[in-house]
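What follows is the residue order along each chain.
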Amino acid sequence: MTSALFIIDVQNDFTEGGALGVEGGAAVAAGITRLLSEHPDRYDVVFASRDWHDDDNDNGGHFHESPDFVDTWPEHCVAGTPGADYHPDFDVREVDVHVRKGMGEPAYSIFQGTTDDGETVREALDRLGVTRIDVAGIATDYCVLASALDAIAAGREVRVLTDLVAGVAPVSSEKALRTLEEAGAQLVGPR
């Protein structure tokens, strides 16, 4: 069994002080770094995704001047800006595969992105023989939810590390975790 960790969108714009900062985002960044440093052999491969939006268009209607914060959002994670950078408390040295998503279109799931080598995430998982995926990151109720559901749909065993996720809102985050559990994901608390 080959195991992977998906680290979803631990970026400056999604942590406290960012364009769409969520409470607890910086703690997630630090917690993921701690997990990887204390357990360097836990995963065979580590993936990390980033929103990487175009700066010269509305990214398929994703950006909006009057966002509804459900389907449309203020400008965030524009490619090459500090907001799109990984949070400084997230040490990326243990990341094996970097994924960029949302380039000109809305994208919530890591599966909607491509690796730095141009592979889809599904292609990379298949090539590496990944059968089990742990998921951590931001935001529980959007990109973590979409990524974990797609991993389940791709036939992988999925666990969500509940102490290493942060969401936009408590109610929608709790609903997302229930949805994931009902879909077959295992919710795993502190390790």
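Our subject is the structure that appears above.
Source: prediction; values computed, not measured. (Residues numbered from 1 in each chain as written. Predicted model: local features only at pLDDT ≥ 70, side-chain atom pairs only at ≥ 80, totals over all residues. Heavy atoms only, no water.)

What about the pattern of salt bridges?
Enumeration over the complete set of coordinates arrives at 7 salt bridges. Note that D51 and K101 form a salt bridge whose closest N and O atoms lie 2.5 Å from each other. Placement of D51 in strand β2 (residues 45-51) and of K101 in strand β3 (residues 97-101) is noted, with a sequence separation of 50 residues between them. On the basis of relative accessible area, D51 is assigned to the buried category, the value being 2%. (Salt bridge = Lys/Arg side-chain N within 4 Å of Asp/Glu carboxyl O. Helix = DSSP H or I, 4+ residues; strand = E, 2+ residues; numbered from the N terminus. Buried < 20%, exposed > 50% of the residue type's maximum accessible area, 1.4 Å probe, protein only.)

Side note on the packing of aromatic side chains
By the definition in use, this model includes 6 aromatic pairs. A centroid spacing of 5.2 Å and a plane angle of 90° characterise the contact between W73 and Y142, whose relative ring orientation is edge-to-face. Within this pair, whereas W73 is found in the loop between β2 and β3, its partner Y142 is found in helix α3 (residues 140-153), the two being separated by 69 residues in sequence. When its relative accessible area of 6% is taken as the criterion, W73 is described as buried. Summarising the aromatic geometry, the rings of Y86 and F90 are spaced 5.3 Å apart at their centres and angled 90° between planes, so their arrangement reads as edge-to-face. Connected via pairs of aromatic rings, a cluster forms that spans F69, W73, Y108 and Y142. For the cation-ring pair, R50 lies above Y86, with the distance from its terminal atom to the ring centre recorded as 4.3 Å. The cationic tip of R100 hangs over the ring face of W52; the distance from NZ or CZ to the ring centre is 4.2 Å. (Phe/Tyr/Trp six-rings, centres within 6.5 Å; stacked < 30°, edge-to-face > 60°. Lys NZ or Arg CZ within 6 Å of the ring centre and 35° of its normal.)

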